[in-house]
There are 4 protein chains.
Amino acid sequence: MSQPDVRVAPEIAASAWFNTPAPLTLAGLRGRPVFLHAFQLLCPGCVSQTLPQVKRIERAFAGTDLQVIGIHTVFEHHAAMTPVTLQAFLHEYRLASPVAVDLAEEGSEIPVTMRRLGLRGTPSSILIGRDGTVLSHVFGIEDDIAVGARIAMALAASPSPAGTAACADGRCEAPAGEAGA
Amino acid sequence: MSQPDVRVAPEIAASAWFNTPAPLTLAGLRGRPVFLHAFQLLCPGCVSQTLPQVKRIERAFAGTDLQVIGIHTVFEHHAAMTPVTLQAFLHEYRLASPVAVDLAEEGSEIPVTMRRLGLRGTPSSILIGRDGTVLSHVFGIEDDIAVGARIAMALAASPSPAGTAACADGRCEAPAGEAGA
Amino acid sequence: MSQPDVRVAPEIAASAWFNTPAPLTLAGLRGRPVFLHAFQLLCPGCVSQTLPQVKRIERAFAGTDLQVIGIHTVFEHHAAMTPVTLQAFLHEYRLASPVAVDLAEEGSEIPVTMRRLGLRGTPSSILIGRDGTVLSHVFGIEDDIAVGARIAMALAASPSPAGTAACADGRCEAPAGEAGA
Amino acid sequence: MSQPDVRVAPEIAASAWFNTPAPLTLAGLRGRPVFLHAFQLLCPGCVSQTLPQVKRIERAFAGTDLQVIGIHTVFEHHAAMTPVTLQAFLHEYRLASPVAVDLAEEGSEIPVTMRRLGLRGTPSSILIGRDGTVLSHVFGIEDDIAVGARIAMALAASPSPAGTAACADGRCEAPAGEAGA
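What counts, and where the lines are drawn
- Residues numbered from 1 in each chain as written.
- Chains lettered and ligands numbered in written order.
- Predicted model: local features only at pLDDT ≥ 70, side-chain atom pairs only at ≥ 80, totals over all residues.
- Heavy atoms only, no water.
- Helix = DSSP H or I, 4+ residues; strand = E, 2+ residues; numbered from the N terminus.
- Contact = heavy atoms within 4.5 Å.
- Phe/Tyr/Trp six-rings, centres within 6.5 Å; stacked < 30°, edge-to-face > 60°.
- Buried < 20%, exposed > 50% of the residue type's maximum accessible area, 1.4 Å probe, protein only.
- Disulfide = S-S within 2.5 Å.
- Pairing = 2+ DSSP bridges.
- Axes fitted to C-alpha atoms, helices over the stretch in contact; angles between N-to-C directions.
- Expected span 1.5 Å × (residues − 1).
- Polar contact = N/O pair within 3.5 Å; in protein donor to acceptor, adjacent residues only side chain to side chain.
- Buried area = accessible area lost by both parts, 1.4 Å probe.
- Salt bridge = Lys/Arg side-chain N within 4 Å of Asp/Glu carboxyl O.
- Right-handed = clockwise from strand over helix to strand, strands pointing away.

Visitor: Teacher, can you tell me more about the overall build of chain A here?
Guide: Each helix and strand counted, chain A has five helices and eight strands in total. By sequence separation, contacts in chain A at least 24 residues apart represent 71% of the contacts at least 6 residues apart.

Visitor: Explanation requested: the packing of aromatic side chains in the structure shown.
Guide: Given two aromatic rings, their pairing is described by the distance between the two centres and the angle made by the two planes. Across all of its chains, the model carries eight aromatic pairs over all chains by this definition. Between the aromatic rings of F39(B) and F89(B), the centroid separation amounts to 6.2 Å while the plane-to-plane angle is 25°, which identifies the pairing as stacked. Here the residue F39(B) occupies a position in strand β2 (residues 34-39), and F89(B) occupies one in helix α3 (residues 83-92), the gap between them amounting to 50 residues. Both residues of the pair, F39(B) and F89(B), count as buried. Clustering of aromatic rings is evident, with ring pairs tying together F39(A), F89(A) and Y93(A).

Visitor: Got a minute to help me understand the state of the cysteines in this structure?
Guide: Joining two cysteines, a disulfide is a covalent bond between their sulfur atoms. All names here are of chain A. What the rule picks out here adds up to four disulfides over all chains. With a sulfur-sulfur separation of 2.3 Å, C43 is cross-linked through a disulfide to C46. Residues C43 and C46 are joined by a disulfide whose S-S torsion is about 80°; by sign, that bridge is right-handed. Exposure remark for C43: the relative accessible area of 9% places this residue in the buried category. For C46, a relative accessible area of 0% puts it in the buried group.

Visitor: Sorry if this is basic, but what is going on with the sheet that holds strand β3 (residues 67-72) of chain C here?
Guide: The strands that make up a sheet are held in pairs by hydrogen bonds between backbone atoms, and each pair lies either parallel or antiparallel. Residues and elements named next belong to chain C. The strand order across the open sheet built from six strands is β1-β4-β3-β2-β5-β6, with neighbouring strands paired in mixed fashion. A single partner strand is all that each edge strand has here, and the edge strands are β1 (14-18) and β6 (134-139). On average, adjacent strands in this sheet sit at an angle of 20° to one another, irrespective of strand direction. As paired strands, β1 and strand β4 (residues 99-102) are joined by four bridges and run antiparallel to one another. Within β4, the position partnered with A16 by the bridge is V101.

Visitor: Help me out: how do you make sense of helix α5 (residues 144-156) of chain B in this one?
Guide: Along an α-helix, a turn takes 3.6 residues, which lines up residues three or four apart on a common side. If you check α5(B), its first and last C-alpha atoms are 18 Å apart, about what 13 residues at 1.5 Å a residue would give, namely 18 Å. Where α5(B) begins, the capping side chain belongs to D143(B), and its oxygen is found 3.1 Å from the backbone nitrogen of I145(B).

Visitor: Whenever I open this one, the interface of chain D and chain B confuses me. Can you help?
Guide: It is common to give the size of an interface as the accessible area lost on bringing the parts into contact. Taken together, the contact pairs 16 residues of chain D with 15 residues of chain B. Summed over both sides, the interface between chain D and chain B buries roughly 1300 Å², with carbon and sulfur atoms accounting for 67% of that surface. For chain D, the biggest contributors to the area lost against chain B are L42(D), E92(D) and Y93(D); these three give 38% of the whole. On inspection of chain D and its partner chain B, the count reaches zero salt bridges. The interface formed by chain D and chain B contains four residue pairs in polar contact (both at pLDDT 80 or more). Those elements that provide at least two residues to the side of chain D that touches chain B are α2 (44-60) and α3 (83-92) of chain D.

Visitor: What am I meant to see in α3(B) here?
Guide: Among all positions of α3(B), only T85(B), L86(B), A88(B), F89(B), L90(B) and E92(B) are buried. Looking one or two places after α3(B), you find R94(B), whose phi comes out positive at around 55°.

Visitor: I would appreciate a short explanation of the environment of R116(A) in the present structure.
Guide: Residue and element names in this part refer to chain A. Note that R116 resides in helix α4 (residues 112-117). Placed 26 residues apart in sequence, R116 and E142 show a C-alpha to C-alpha distance of 22 Å. With near-sequence residues (within four places) excluded, R116 lies in contact with R7, P10, E11, I12 and A13.

Visitor: Would you take a moment to explain the side chain of T73(B) for this structure?
Guide: By the secondary structure assignment, T73(B) is in the loop between β3 (67-72) and α3. Not counting residues up to four positions away in its chain, the partners in contact with T73(B) are A38(B), F39(B), Q40(B), D102(B), P111(B), M114(B), L119(B) and T122(B).

Visitor: So what exactly am I meant to see when it comes to the environment of L155(B) here?
Guide: Residues and elements named next belong to chain B. Along the chain, the position of L155 falls in helix α5. As for L155 and T64, which are separated by 91 residues in sequence, their C-alpha atoms are 7.7 Å apart. Aside from chain neighbours lying at most four places away, what touches L155 is P33, F61, T64, D65, L66 and R130.

Visitor: How do you make sense of the pairing of strand β2 (residues 34-39) of chain C when you look at a structure like this?
Guide: The side chains of a regular strand alternate, residue by residue, between the two faces of the sheet. All names here are of chain C. Counting buried residues in β2 gives six out of six residues, a clear majority hidden from the surface. Of the two faces of β2, both are covered, the one formed by V34, L36 and A38 as well as the one formed by F35, H37 and F39. Tracing the backbone out of β2, into helix α2 (residues 44-60) and back to the parallel element β3 gives a crossover that is right-handed. Looking at chain direction, β2 and strand β5 (residues 124-128) are connected through five bridges and run antiparallel. The partner of F35 across the bridge, within β5, is L127.

Structure follows, in structure tokens:
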């Protein structure tokens, strides 16, 4: 990428939420960084790798204002991965952070949020900055060191209108005001 | 710790160096963050956990100005862990970053750098900021997410006299100028 | 246990089968050792540990007459773990050996085969000898060395006066009467 | 292999032994199965994979008459892997079973036992039957299920007309002649 991705993350469209007293919106979370992870309960890589990583993220950044959100983006085996099964899954796997059921789109296998975010499949993760822009978009699993670095940079970024930290392509660059000159 | 550790890291004292054309000094590296890891070649935790993590750190931050340095701090089995054995060890384990042989101190089991740094044992790691101060000091192994976060913050810190990022006790706080007010 | 368990394994009661052209019965498998593993698709330990082990068992004993059978013994979250979800699960997790859906028992949370076998929960595994008796019954996961040893012994046992399986040099061969004609 | 390997294992030639009050010989162990593992203390695969597996083998077959023996077959970095370093290594890695230092052969990089056994490198393992013949010879690491199966079969083999070891139901008992008196 030769230029930073300054796209504002599209809003979540959910038919149901778990692990939260009220639905969440990215608009309402503006000012806080958001780690969004898309999964399916019958996706082996999501279960064996993403979920444990999400728990490690929750633990490592427990004292910060990072918001972790899961999105159950079912795009195959629709009859097999219903909200009833998801609810039992979340209980059994002890996932504590909020999870949205991605809204089904009539006439499409792909649900609405998945389409809006341009996800290629599961697992995928998207890190959203304090200003609502997409800082990174990963299909598959990224190693913990890189994830830790990205999130730390997102947390360190000034919430103010000016000055945004840019983390992309595995490198995290300090806000312009920091870099000297 | 109720107050940040602003101690400047003491200098490395080495009797030999591997993987570098010339000896390194922390003074000469001022302006760059340094990840210092202390190990012994017969320390099981160092071999099974630290070394793989050091390689992951080297890979994740390859495009940055982070300097990784190993220190072979022998404080037991001195006759078993000589520089000859260390050299073969570094070759077999494919450790590419510079490694110092900690200088033996006459009349003591503990070598000089280990004493200066106040290390409790191996593995230990010390993250040094651009300004030469100790940002974190860990005895044992820290998980990758926390390590990635710490190093990212050290890299993001301004190298200038004013404004220092503080990472301590698992939390990384943005430089004062960033945090608003 | 002060005396060997010579109990003949009770028969499987299934409402459906996957990965087999026709239902299996332990009576029909008499003469062959059977490795029976009970699981639930939302049981984290079953997914992360038992299934990979079952695949390793299938691979290690591929050239023998060992029969591996899974039993989906749902005793909780019944609405969440239906045969439709199980079918997609088996597809996604690439489990190739036959799987029975344990028969629901009216008025009970516990299905029929689970009750007959006296299972305490999932994962459980039962090794059945050539003569149909229970050789071992394990609740939880046993390490691979012990599992390999148990199954090798079951394969080595003489099936009847005539015909002996030979396990030696890492290869286990079917009884002469089986291999020929 | 189209025919069984009936070669009697060649004798161990050692310049030193650790973890045993007296030197061992395969001739003196005739009647018992022997699991022989060849390693070098600076061989990464030996340290990360073989040693943990050897400990699992020791544990799984603790109640049997299996004899586990390590051979330190140094064929490179000779000055780096001396008996002094080996002794500290065995202490730090908590290897409890007997270890022989393979006898250096004048004018050769390859030590005597390594040459006699025809080892291609480290790690290697050789399973020797009760009758002293080589049952298997593996270069590299074999998975635990296969190792468990091999050793169980070696233990189950009749040692001689009189006295039979019994491996069944996960327990392996020493021949009657051994256990009594």
